[in-house]
Amino acid sequence: MAARSFWSGYLKLSLVTCPVEMTPAVTQAERVRFHTLNEATGNRVVSQYVDSVSGKPVADDDQVRGYPVGEDDYVILTDEEFSAVALETTRTIDIESFVPRASVGLVWRERPHYLAPSEPVGEEAFSVIREAMAATKTVGLSKLVLYRRERPIMIEPRGKGMIVWTLRQADEVRDETDVFGGIKPVEPPKDAMKLALSVIKDRKKEWSEDLLGDRVQASLQKIIARKKKGQKVAAPKPKAEEETGKVVDLMAALRKSLEADKKKKR
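A short tour of the structure in this document, coming up. (Residues numbered from 1 in each chain as written. Predicted model: local features only at pLDDT ≥ 70, side-chain atom pairs only at ≥ 80, totals over all residues. Heavy atoms only, no water.)

### Regarding the overall build of the protein
Link 1 in the chain: Looking only at helices and strands, the protein features six helices and ten strands.
Link 2 in the chain: In the protein, the proportion of contacts linking residues at least 24 apart, taken out of those at least 6 apart, comes to 63%.
Link 3 in the chain: As presented, the protein carries roughly 22300 Å² of accessible surface, and 54% of it is formed by carbon and sulfur atoms. (Helix = DSSP H or I, 4+ residues; strand = E, 2+ residues; numbered from the N terminus. Contact = heavy atoms within 4.5 Å. Areas by Shrake-Rupley, 256 points an atom, 1.4 Å probe, with all protein chains shown as cover.)

### Here we look at the pattern of salt bridges
Link 1 in the chain: Tallied over the full model, the rule gives four salt bridges.
Link 2 in the chain: Among the ionic pairs, arginine 101 bridges to glutamate 156, the shortest N-O distance being 2.9 Å. Of this pair, arginine 101 sits in the loop between strand 6 (97-100) and strand 7 (109-117) while glutamate 156 sits in strand 9 (residues 149-158); the two residues are 55 residues apart in sequence, bridging distant segments of the chain.
Link 3 in the chain: A salt bridge links arginine 109 to glutamate 156; its shortest N-O distance comes to 3.4 Å. (Salt bridge = Lys/Arg side-chain N within 4 Å of Asp/Glu carboxyl O.)

### A look at the nonpolar core
Link 1 in the chain: Formed by 18 residues in total, the largest nonpolar core has its most connected members in Leu11, Ile93, Leu115, Ile155 and Met162.
Link 2 in the chain: If we ignore the near neighbours within four places in the chain, the residues touching leucine 115 are Leu11, Val20, Glu21, Met22, Ile93, Phe126, Ile155, Gly161, Met162 and Val164.
Link 3 in the chain: Core analysis: the second largest hydrophobic core is formed by six residues, Val139, Met154, Ile163 and Trp165 among them. (Core = buried A, V, L, I, M, F, W, Y, C linked by side-chain atoms within 4.5 Å. Buried < 20%, exposed > 50% of the residue type's maximum accessible area, 1.4 Å probe, protein only.)

### Description of the pairing of strand 7
Link 1 in the chain: Bridge count for strand 2 (residues 16-24) against strand 7 is five bridges, and the pairing is antiparallel. Residue pairing in the sheet places proline 24 in a bridge with histidine 113 of strand 7. (Pairing = 2+ DSSP bridges.)

### With respect to the sheet that holds strand 2
Link 1 in the chain: Pairing is mixed in the open sheet, where eight strands are placed in the order 5-1-2-7-10-9-8-6. Among the strands making up the open sheet, the edge pair consists of strand 5 (92-94) and strand 6. Strand-to-strand twist across the sheet, computed as the mean angle between neighbouring axes with direction ignored, equals 40°.
Link 2 in the chain: By the bridge criterion, four bridges tie strand 6 to strand 8 (residues 138-146) in an arrangement that is antiparallel. If you follow phenylalanine 98 over to strand 8, its bridge partner there is glycine 140. (Axes fitted to C-alpha atoms, helices over the stretch in contact; angles between N-to-C directions.)

### Remarks on helix 5 (residues 215-228)
Link 1 in the chain: Here helix 5 is 14 residues long and its end C-alpha atoms lie 20 Å apart, about the 20 Å a rise of 1.5 Å per residue gives.
Link 2 in the chain: In the stretch just after helix 5, glycine 230 is the one whose phi turns positive, near 80°. (Expected span 1.5 Å × (residues − 1).)

### Brief notes about the environment of isoleucine 155
Link 1 in the chain: Relative to the helices and strands, isoleucine 155 is located in strand 9.
Link 2 in the chain: Take isoleucine 155: its relative accessible area is 0%, and that puts it in the buried class.
Link 3 in the chain: Sequence separation between isoleucine 155 and tryptophan 165 is ten residues; the distance between their C-alpha atoms is 6.5 Å.
Link 4 in the chain: Not counting residues up to four positions away in its chain, the partners in contact with isoleucine 155 are Ile93, Ile95, Leu115, Met133, Val139, Gly140, Leu141, Ser142, Met162, Ile163 and Val164.

### What to know about a nonpolar patch on the surface
Link 1 in the chain: On the surface, Tyr67, Val69, Val75 and Leu77 cluster together into a nonpolar patch covering about 370 Å² of accessible area.
Link 2 in the chain: Looking at the nonpolar patch, the elements that each hand over two or more residues are strand 3 (65-70) and strand 4 (73-77).
Link 3 in the chain: Residue placement: tyrosine 67 occurs in strand 3.
Link 4 in the chain: Residue class for tyrosine 67 comes out exposed when judged on its relative accessible area of 57%. (Patch = residues over 30% accessible without salt bridge, like charges linked within 9 Å, V, L, I, M, F, W, Y side chains within 5 Å.)

### With respect to the layout of surface pockets
Picture a little ball the size of a water molecule; that probe, rolled over the atoms, points out where space is still empty.
Link 1 in the chain: Approximately 610 Å³ is the volume found for the largest pocket.
Link 2 in the chain: Along its surface, the largest pocket is lined by 18 residues, and Val58, Asp62, Gln63, Val64 and Arg65 are the ones closest to its centre.
Link 3 in the chain: Contributions of two or more residues to the lining of the largest pocket are made by strand 3 and strand 4.
Link 4 in the chain: When residues of the lining of the largest pocket are assigned to their parent elements, the largest contribution, three residues, is made by strand 4.
Link 5 in the chain: Each residue belonging to the lining of the largest pocket can be placed in one class, and the counts come to seven nonpolar, four polar and seven charged. (1 Å grid on protein atoms, 1.4 Å probe; cavity = no way out; pocket = protein on both sides within 12 Å on 5 of 7 lines; lining within 4 Å. Points joined across faces, edges and corners; volume = space filled by probe spheres on them. Nonpolar A, V, L, I, M, F, W, Y, C, P; charged D, E, K, R; others polar.)

### A look at the pairing of strand 8
Link 1 in the chain: In this structure, strand 8 lies alongside strand 9, joined through seven bridges in antiparallel fashion. Paired with leucine 144 across the strands is arginine 151, a residue of strand 9.
Link 2 in the chain: Once strand 8 ends, the chain turns through two residues before running back antiparallel as strand 9, passing tyrosine 147 with a positive phi of about 55°.

### Some thoughts on the packing of aromatic side chains
Link 1 in the chain: Under the counting rule described, the total for this entry stands at zero aromatic pairs.
Link 2 in the chain: Directly above the aromatic system of tryptophan 165 lies the positively charged group of arginine 109, at a separation of 5.3 Å from the ring centroid. (Phe/Tyr/Trp six-rings, centres within 6.5 Å; stacked < 30°, edge-to-face > 60°. Lys NZ or Arg CZ within 6 Å of the ring centre and 35° of its normal.)

Here's what the structure looks like:
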């Protein structure tokens, strides 16, 4: 089943505008999911909002959003008041600037979304914007209201379409020098570098989504299948963990890694 778009609006570059729709690029629909049950009855356990003072359940129609301004003191906003914040970025991706594609590090990227023309009439304008970014190796920056917040976004060309990445705010990403600043520069030994390059060469592969398989999910599915048949599942014996904190002979470790990789290939 094709994924359904969750947002539709317009992509705008100066005076060029085209209708577009956006679809989340990631999904968790195939993951193994569990419900919380009452062990005594086997019935599902449900959660509900309750009044923090009276302890009584609060109906959906009586639930409102409040901004805390003091202890037990809130400013309440209604749905109509939220709608009054009618930003243009609710329905329009207006590309404000372009930056080199390689300059936006992965640490800034948050959620990916596929962007495509929603009507045939907009396909030509869409392709012009996409190919212009691809030719200049740039990405577009803009802002868009998603998930009830105005978020900075990045638009990059991808095949016949584009990807919209929500980006983290400037104050959400720590300065890397706070972490890396204390690392002393070390010139790696040439022999060790040679062995490390050999290990990388042996393990180098073409990119494939198969490299991202979730072994935990696969194991859970096998256990569930066996329990459906009424079979018992014994917990595997834990493997002995390698000692940590001991001094490692770098050259010996690299040689051992290289030999182990060659044995696997054989």
